[in-house]
4 protein chains.
Amino acid sequence: MSERGDEFDTADRGLFDGIVARGPVRDAVGDRARLAAMLDVEIALARAQAQVGMIPTAAAEAIADACRPEAFDVGALGRAAAETANPVVAIVEVLSARLDRSAAAHLHHGATSQDILDTSLMLVVRRALDLVLLDLEGAADAAARLADIHRATLIAGRTLLQQALPTTFGAKAAGWLAGLDAASADLRDVRRSALAAQLGGAVGTLAAFGDSGTRVLAAFAAELDLAEPDLPWHAERTRIARLAGALGTVSVAIGKPALDVLLLAQTEIAEVREGTPGRGRSSTLPQKHNPVAAVAARACAAQVPGLVATLLFAGVGEHERAAGSWHAEWQPLAELLRSVGSAAAWLRDCLEHLEVDPVRMEANLERSGGLLLAERVAAALTPALGRAAAARLLERAAAEAVESDHPLGDVLAGLPAVSKHLDRAALGVLLDPRGYLGSVDSFVDRALATHAARLSAYPDVIR
Amino acid sequence: MSERGDEFDTADRGLFDGIVARGPVRDAVGDRARLAAMLDVEIALARAQAQVGMIPTAAAEAIADACRPEAFDVGALGRAAAETANPVVAIVEVLSARLDRSAAAHLHHGATSQDILDTSLMLVVRRALDLVLLDLEGAADAAARLADIHRATLIAGRTLLQQALPTTFGAKAAGWLAGLDAASADLRDVRRSALAAQLGGAVGTLAAFGDSGTRVLAAFAAELDLAEPDLPWHAERTRIARLAGALGTVSVAIGKPALDVLLLAQTEIAEVREGTPGRGRSSTLPQKHNPVAAVAARACAAQVPGLVATLLFAGVGEHERAAGSWHAEWQPLAELLRSVGSAAAWLRDCLEHLEVDPVRMEANLERSGGLLLAERVAAALTPALGRAAAARLLERAAAEAVESDHPLGDVLAGLPAVSKHLDRAALGVLLDPRGYLGSVDSFVDRALATHAARLSAYPDVIR
Amino acid sequence: MSERGDEFDTADRGLFDGIVARGPVRDAVGDRARLAAMLDVEIALARAQAQVGMIPTAAAEAIADACRPEAFDVGALGRAAAETANPVVAIVEVLSARLDRSAAAHLHHGATSQDILDTSLMLVVRRALDLVLLDLEGAADAAARLADIHRATLIAGRTLLQQALPTTFGAKAAGWLAGLDAASADLRDVRRSALAAQLGGAVGTLAAFGDSGTRVLAAFAAELDLAEPDLPWHAERTRIARLAGALGTVSVAIGKPALDVLLLAQTEIAEVREGTPGRGRSSTLPQKHNPVAAVAARACAAQVPGLVATLLFAGVGEHERAAGSWHAEWQPLAELLRSVGSAAAWLRDCLEHLEVDPVRMEANLERSGGLLLAERVAAALTPALGRAAAARLLERAAAEAVESDHPLGDVLAGLPAVSKHLDRAALGVLLDPRGYLGSVDSFVDRALATHAARLSAYPDVIR
Amino acid sequence: MSERGDEFDTADRGLFDGIVARGPVRDAVGDRARLAAMLDVEIALARAQAQVGMIPTAAAEAIADACRPEAFDVGALGRAAAETANPVVAIVEVLSARLDRSAAAHLHHGATSQDILDTSLMLVVRRALDLVLLDLEGAADAAARLADIHRATLIAGRTLLQQALPTTFGAKAAGWLAGLDAASADLRDVRRSALAAQLGGAVGTLAAFGDSGTRVLAAFAAELDLAEPDLPWHAERTRIARLAGALGTVSVAIGKPALDVLLLAQTEIAEVREGTPGRGRSSTLPQKHNPVAAVAARACAAQVPGLVATLLFAGVGEHERAAGSWHAEWQPLAELLRSVGSAAAWLRDCLEHLEVDPVRMEANLERSGGLLLAERVAAALTPALGRAAAARLLERAAAEAVESDHPLGDVLAGLPAVSKHLDRAALGVLLDPRGYLGSVDSFVDRALATHAARLSAYPDVIR
């Protein structure tokens, strides 16, 4: 059974969708896709019931024929649903009117509205997750390329927004990669294990199915290629919570590189710029390149935590079917998928077109004139001077370097206590940031290896 | 200047709007209303600049003429905005193309996109708040009527979902009323004080306005009947936080009566039912009246806290205009208004049509057979028996009443230790719940008086 | 290396801990346990460095000797930490003062405070998760017992808080079980895969470790039995997000049965009561059994979604180490573990001592006098009367039954249109709820089988 | 009646309190202060009942004598409360044991635990708000000083983290001031109007008070100087929601300047540094000044939105007293006050000691070599060249300036099309950022005037 969400891009965009609803997920969670998914579920129900002999095969096929989404007027359904507080009732009424009496009698048999809505939601989620994963893994690929290419590109490591010690831009990108890979692995796990068919009838007993209930459930889940749950989960919403949590993790993985790009792109730092052709440049302010993609990725990701909280709260519902909390899921879950999908699309765009300026990175690093490596010189002098004396010496030298605006190397070379132990060349070696990068190269290798392993573990990765 | 949000009800409803987007607020925060508000802001800007002589009056009027929302294709604007990541740029381009060159040169002069968007947002918010208040105060009126009519209607007071002591349904409704009145008073305060014009240019200096900046700002705010801020608030978002907090308070005030109605409407309790004609009744299950309005009100209110959190997080932005957190406000704020508006509409409907069953209320109260008043009998016996002995006696009597399924009065009347001090008649008085209602009548009066005072304080209340 | 969190129960309880900090998790995330974990991390660091030859083994053992948590004054450390804004600096200073100069020189070598704090956090989380799992799986066991024992106990299935169709209490408990099992499986997955050592030095390069960085990291992780990350994750917080999400899922799984118990324990329904000896009973109101454990479980679970949102927001931090968002994790993560642990302890208590009243369950179900099965009779009459006529007939009969307060069976038996097709006996069969339970028995079996499989998959389950 | 929260600073600090629990609010919401407040409430209740003649004056005074908080063992109470799930029961038991029988009989008469807890909470909140306001208004004062002193200090205005147009540091600080003033005005409003006494007895009827209920309530509120509510608000929590919202607004007002300080303090920008003596400086890295106060303020503020969401969710409770949601308020509300108080203390510290570097600000602004003012030159050339031609000319000149790394003024002066209309001097005037500041001076004046008006409106401001 095809998933038809992607057939219904209306091409129209809401006024504000430019930022918050970028990419195909918008349409995958849109009304037409949700309608199509509900119709797919009605078809699957009918066919499953036909398989076990509950209804005639001909009725099932008549129902399948009638479930053509393009034949529905979404606006009219919406108006009707506003009366019944539930789109399924309206859809079933329209379908009934289209079928002849004998087939109509078998439509939606024994199901409750929530069976249709929850199962269709799983189809919509699956389709949306595939689209999110496409962009998320695309963003990870872009981060992997940056990590690999720039494994030797020096950059100031910054803590609490202060330059601290040198690192490489490759290591920074490897950190982004690690987050993106972890988040998409988790999302794949959810896609594989948490998406289950829903079928229980009014109170989750499948009473109207006689003793065929579990067989119909199995056939129904198989029709839709969804997991078969042990029992109906109308009011057992850990699946939704797990999904929400995984999307929350994705928002963290996306927000992090977006924030770093914004900070690196600051006018005064200017170590990267977004290079997507035709975007973010200003005709009157040529020095200005608005990092639009990073801004938008961050804006979308920032909508996630609140929506996750809403879904967790809504996860606790009364008895066999909840009095409000289930209804409270509909809008936030669609928003959540849309926001994460949009964030992933923006980040991929941002990273795939990121222009990196290694010269500027090194220049910014050198601004501190060797101060970042003071701790290394102190360590080198410790055997000769003792730990405390070496520390005091470097403290004074660094203060002098800052005040006099001279490189630390020059100040140190002028101190007899230093020159006795370290000549200019030795000092130069100690103050060379390239020699003080520790394990960054291994770290980049490890992150890339994990990324490569993910690719081979998912040969079906959609790219 | 008219607010034109209400002219644009598209009549179409999203598939799920039946629950989560009921009432006129949906359209008031919709794309057409937001477009209309942005155009109103461009008009006000041009007219304010004309007033202080910055641009010719004729140009301002030409701009005003061009700003007819019905002449715009929202879908096309949306597609264009998806390119520029900002609907204002697209709108200004369309307007420019419509104006002759001389007027076009004066369009949008010196403003930044956020000036237009933030100010238009304030117009949209004001219109939406008026609509929310209409239903919120309608709901409060309905609660006031219930409080007044049922001031003597006995009902079990329940704590931790256990019957505890008697109270009246009027007192319960007065509690709802107090919450609704407090929330709408707070919302009116926000409407009056927190909605301000936004005008600052790129970095909030109004540099392009020369020395006319503050005069234009004053005229601009006056044109739109918005407060004039001390200075631009592009990245100072306490106004949005205050608004979000007030809407959060409303969600609490709405959620409470909705939850109580759901609990009172339980099959086993059945003290109220929703009486809206044609809704919630089931043809096959005539005993079942789904309390649809309360369910929906609760579902809508449940979406609020997460959105408030999102807006609070988004309130902290960088420097003169934020790199993402401002964009993160757009969607959640619209959702917040829509959810609160929908919740208010549902609650009003619920309370205006609530069918109250005083007989059932009293019957449920009597189930406990006087047990609720055991503490009162103990108090009456204390002078004679001492506190501890009286308590022990009642404890034993109550246990016997529960076990034997006899009314507590009968058990007590059979105990010599009791009958020596209290005859049947005295026991009857003590066990009459009507005599143990404390100050409920005063409490109802006080809540009603506060409500009446609100009505006279707001002669402009829209009803 | 032992985890010493459990040795430090101070026995003192905060005034409000009775509800919100029940169970051992309170102490496992308390200051003494966190201090002990930080000291364990310093020991592991020294030993790992000794293993690869970076520092002398004797120094490592001297450090290990000094790291006795009982020798520290937490209050004094706290005061010192308030000066340095970081407890690690204060701890290292105290340790240094205790060590002789040669060992002190090797203490905390090359590490940054966040290395110690993050790694110790992982130890604290692991210990806390073990304790959470103990109670969570205990609660699941209790749910499993209820599901098994009550697989044939009739109860009204309720949707939107209205009686809808019959089900069994066993099926209800099986639903609780399914949620608890899913949540604990997810939590075990997090425990196994998301908890990793943290070691990177100031900017995540391990620069001060020369070329021994990755070997020290491997040895360090092995010492503590934590996963070895590909690279430092100071500002890559998907691990924390994943953990938070899983705890969010647990809160949903716990909140659901707690809510159901509260609803079933209502005075008017009274189908269950909490039976923990000595709790929740009132001497003056013997009919009142406050369901304290369910109330508290729900209160604790309700604190989770907001904390999850906080941690997701805090997951996005700047560059190599964040400027505030890392610090923003400390308190919410401790609160989150404490709340979930307390919720799990309360729910386990609640379910292990739950008193079920099957007689009352059936009596409540019978209140509707067969109305719940009207749809079944209609289905039985459909072959003879046609679908529409059968539905109309039942609708009228049900309305009459409600109005006249007679059982539906009696009303139906009096209608010739019915008695022609169905005699008293046949009607009795149709109106017997035991015959209309669909697949509930299979559903219970399936949930129990999954639970049993979990037990055998985790032979190390701590019970 | 004194509020005794401030007498109980234990001087001990939790290990992590250095960041997240700075300032006196920590103790004001601590267990000793909460205990003291509960005892104050018991005293007020007894005295109010004595006033209306419900209990003997001597009993009230005996109760008041017994309510000395220093005589209580908080740890022991906590252990007892863990049994009863409620600290009030334990406190009343201890008090009863201390009183002679005749006074004990009048203790806590007719009140429910929630009466004591809610009212004591209001006392704790009031005390905490006073402390928050002290630091919040201290921070506002510091911002006002910065705005005034630096009203002419040039700085780059930055949008989306890109330099855009010049502004002044005074205007930036005035923006901070406006947010802080708005937030503290709102908080004062809450303090004045939302804090009310709670007294209702078990179900809010004051049944045990006979017909004296409302008189006792009035006297009780007067004793504690709290507002007298129309009726009990056990399950009507808009007061808590309003408070939470206002604290949320404060977090936005604090987070904003903290973020700006962090960004301005970046090594590469270095326009401000935190100057608190002895904090944030590193002996080995003298160029590094960790902006500890801003980091901590931000970390504390970041904990607020999630807690606000929790309190909004918890605001909806069942019937007369809620089954869990009330208990869910306790911990989050204390955390919320502590976090906001700590954030305010940190921000005040940060702003009071902020070292501003005007030279560096101007140097950073000049980096763009006049590019920021390109739009101004274009406007000056428009009368002569036409709008489009002027724009194109500047676009080319700016591009050349960027590529050649020459100041824009030099490039322009070399173009005949420019020099024909603007000589060097005229160009110099146009490119002087001081001449392109629009209304910033007025904006600063207006923000300062509002601040001054607040001071005079609150002569009782605690400073």
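For the structure, check the block above.
Residues numbered from 1 in each chain as written. Chains lettered and ligands numbered in written order. Predicted model: local features only at pLDDT ≥ 70, side-chain atom pairs only at ≥ 80, totals over all residues. Heavy atoms only, no water.

**Some details on the overall build of chain A**
Stage number 1. Within chain A, the regular secondary structure consists of 21 helices and four strands.
Stage number 2. Here the C-alpha atoms of chain A give a radius of gyration of 30 Å, more than 25% beyond the 23 Å that 2.2 N^0.38 yields for 463 residues.
Stage number 3. In chain A, buried positions account for 67% of the 463 residues.
Stage number 4. Restricting to contacts in chain A with at least 6 residues of sequence separation, those with at least 24 account for 77%.
Stage number 5. As presented, chain A carries roughly 14,100 Å² of accessible surface, and 52% of it is formed by carbon and sulfur atoms.
Stage number 6. The positive charge centre, built from 45 side chains, and the negative charge centre, built from 58, are 4 Å apart in chain A. (Helix = DSSP H or I, 4+ residues; strand = E, 2+ residues; numbered from the N terminus. Rg over C-alpha atoms; globule rule 2.2 N^0.38 Å. Buried < 20%, exposed > 50% of the residue type's maximum accessible area, 1.4 Å probe, protein only. Contact = heavy atoms within 4.5 Å. Areas by Shrake-Rupley, 256 points an atom, 1.4 Å probe, with all protein chains shown as cover. Lys, Arg positive; Asp, Glu negative; His and termini not counted. Charge placed at Lys NZ, Arg CZ, Asp CG, Glu CD.)

**Things to note about the interface of chain C and chain A**
Where interface size is quoted, it is often the accessible area lost as the parts come together.
Stage number 1. Residue-level contacts link 81 residues of chain C with 81 residues of chain A.
Stage number 2. Buried surface at the junction of chain C and chain A, both sides included, amounts to about 6,500 Å², of which 66% is carbon and sulfur.
Stage number 3. Contact with chain A buries surface across chain C, with Asp230(C), His319(C) and Phe443(C) losing the most and accounting together for 11% of the total.
Stage number 4. In this assembly, chain C and chain A are joined by six salt bridges.
Stage number 5. When the shortest N-O distance is used, the salt bridge between Lys172(A) and Glu320(C) registers 3.1 Å.
Stage number 6. The interface formed by chain C and chain A holds 28 residue pairs in polar contact (both at pLDDT 80 or more) in total.
Stage number 7. The dominant element in the side of chain C that touches chain A, judged by the number of residues it contributes, is helix α11 (residues 238-264) of chain C, at 15 residues. (Buried area = accessible area lost by both parts, 1.4 Å probe. Salt bridge = Lys/Arg side-chain N within 4 Å of Asp/Glu carboxyl O. Polar contact = N/O pair within 3.5 Å; in protein donor to acceptor, adjacent residues only side chain to side chain.)

**What to know about the relation of the copies chain C and chain D**
Taken together, a rotation about one axis and a shift along it account for how the two chain copies relate.
Stage number 1. The two copies are related by a screw motion: chain C maps onto chain D through a turn of 180° and a shift of 0.0 Å along the axis, at an RMSD of 0.1 Å. These values place the two chain copies in the arrangement generated by a two-fold rotation axis. In terms of C-alpha distance to the rotation axis, chain C has Gly306(C) as its closest residue, with the C-alpha 2.1 Å off the axis. (Least-squares fit on C-alpha atoms with pLDDT ≥ 70 in both.)

**Focus: the interface of chain C and chain D**
Stage number 1. Contact residues are listed per partner, giving 41 residues for chain C and 41 residues for chain D.
Stage number 2. The junction of chain C with chain D conceals about 3,900 Å² of combined surface from both sides, 67% of it contributed by carbon and sulfur atoms.
Stage number 3. Along the contact surface separating chain C from chain D lie two salt bridges.
Stage number 4. For Arg298(D), the salt bridge is made with Glu318(C), and the minimal N-O distance between the two is 2.8 Å.
Stage number 5. Across the contact surface, chain C and chain D share eight residue pairs in polar contact (both at pLDDT 80 or more).
Stage number 6. At the level of secondary structure, the elements contributing two or more residues to the side of chain C that touches chain D comprise α1 (17-20), α3 (31-51), α5 (74-84), α12 (292-301), α13 (304-314) and α14 (327-352) of chain C.
Stage number 7. At seven residues, the largest contribution of residues to the side of chain C that touches chain D is made by α5(C).
Stage number 8. Split by residue class, the side of chain C that touches chain D holds 23 nonpolar, ten polar and eight charged. (Nonpolar A, V, L, I, M, F, W, Y, C, P; charged D, E, K, R; others polar.)

**Quick notes on the environment of Gly409(B)**
Stage number 1. If you trace the backbone, Gly409(B) turns up in helix α18 (residues 408-413).
Stage number 2. A C-alpha to C-alpha distance of 9.3 Å links Gly409(B) and Ala397(B), two positions twelve residues apart in sequence.

**Quick look at the side chain of Ser113(B)**
Stage number 1. Position of Ser113(B) among the secondary structure elements: in helix α8 (residues 113-149).
Stage number 2. Residues within four places of Ser113(B) in sequence aside, it is in contact with Asn86(B), Val88(B), Val89(B) and His108(B).

**Observations concerning the pattern of salt bridges**
Stage number 1. Here the structure, examined in full by the defined rule, presents 116 salt bridges over all chains.
Stage number 2. For the salt bridge of Glu236(A) with Arg239(A), the shortest nitrogen-to-oxygen distance reads 4.0 Å.
Stage number 3. By relative accessible area, Glu236(A) is classed as buried at 8%.
Stage number 4. Residue classification places Arg239(A) among the buried residues on the basis of a relative accessible area of 19%.
Stage number 5. Between Arg454(D) and Glu137(D) there is a salt bridge, with the nearest N and O atoms lying 3.3 Å from each other. Of this pair, Arg454(D) sits in helix α21 (residues 440-457) while Glu137(D) sits in helix α8 (residues 113-149), placing them 317 residues apart in sequence. When sorted by exposure, Arg454(D) lands in the same class as Glu137(D), which is buried.
Stage number 6. Beyond isolated ion pairs, a larger network of salt bridges with shared partners links Asp186(A), Asp189(A), Arg192(A), Arg242(A), Asp186(C), Asp189(C), Arg192(C) and Arg242(C).

**Some details on the relation of the copies chain C and chain A**
Stage number 1. Placing chain C over chain A gives an RMSD of 0.0 Å and needs a rotation angle of 180°, together with 0.0 Å of translation along the axis.
Stage number 2. Looking at the interface residues of chain C, 100% of them are also at the interface in chain A, so both copies use one shared face.

**Focus on the packing of aromatic side chains**
Stage number 1. All told, the structure shown has 14 aromatic pairs over all chains when counted by the stated rule.
Stage number 2. An angle of 70° between the planes, with centres 5.2 Å apart, marks the rings of Trp330(A) and Phe16(B) as edge-to-face. Here the residue Trp330(A) occupies a position in helix α14 (residues 327-352), and Phe16(B) occupies one in the segment before α1 (17-20), the pair thus bridging two chains.
Stage number 3. For Trp330(A), a relative accessible area of 7% gives the class buried.
Stage number 4. One aromatic cluster is present, built from ring pairs that chain together Phe16(A), Trp326(B) and Trp330(B).
Stage number 5. A cation over an aromatic ring shows up here: Arg22(C) above the ring of Trp346(C), its NZ or CZ 4.3 Å from the ring centre.
Stage number 6. Stacked on the ring of Phe16(D), the Lys or Arg Arg34(C) has its end atom at 3.9 Å from the ring centre. (Phe/Tyr/Trp six-rings, centres within 6.5 Å; stacked < 30°, edge-to-face > 60°. Lys NZ or Arg CZ within 6 Å of the ring centre and 35° of its normal.)

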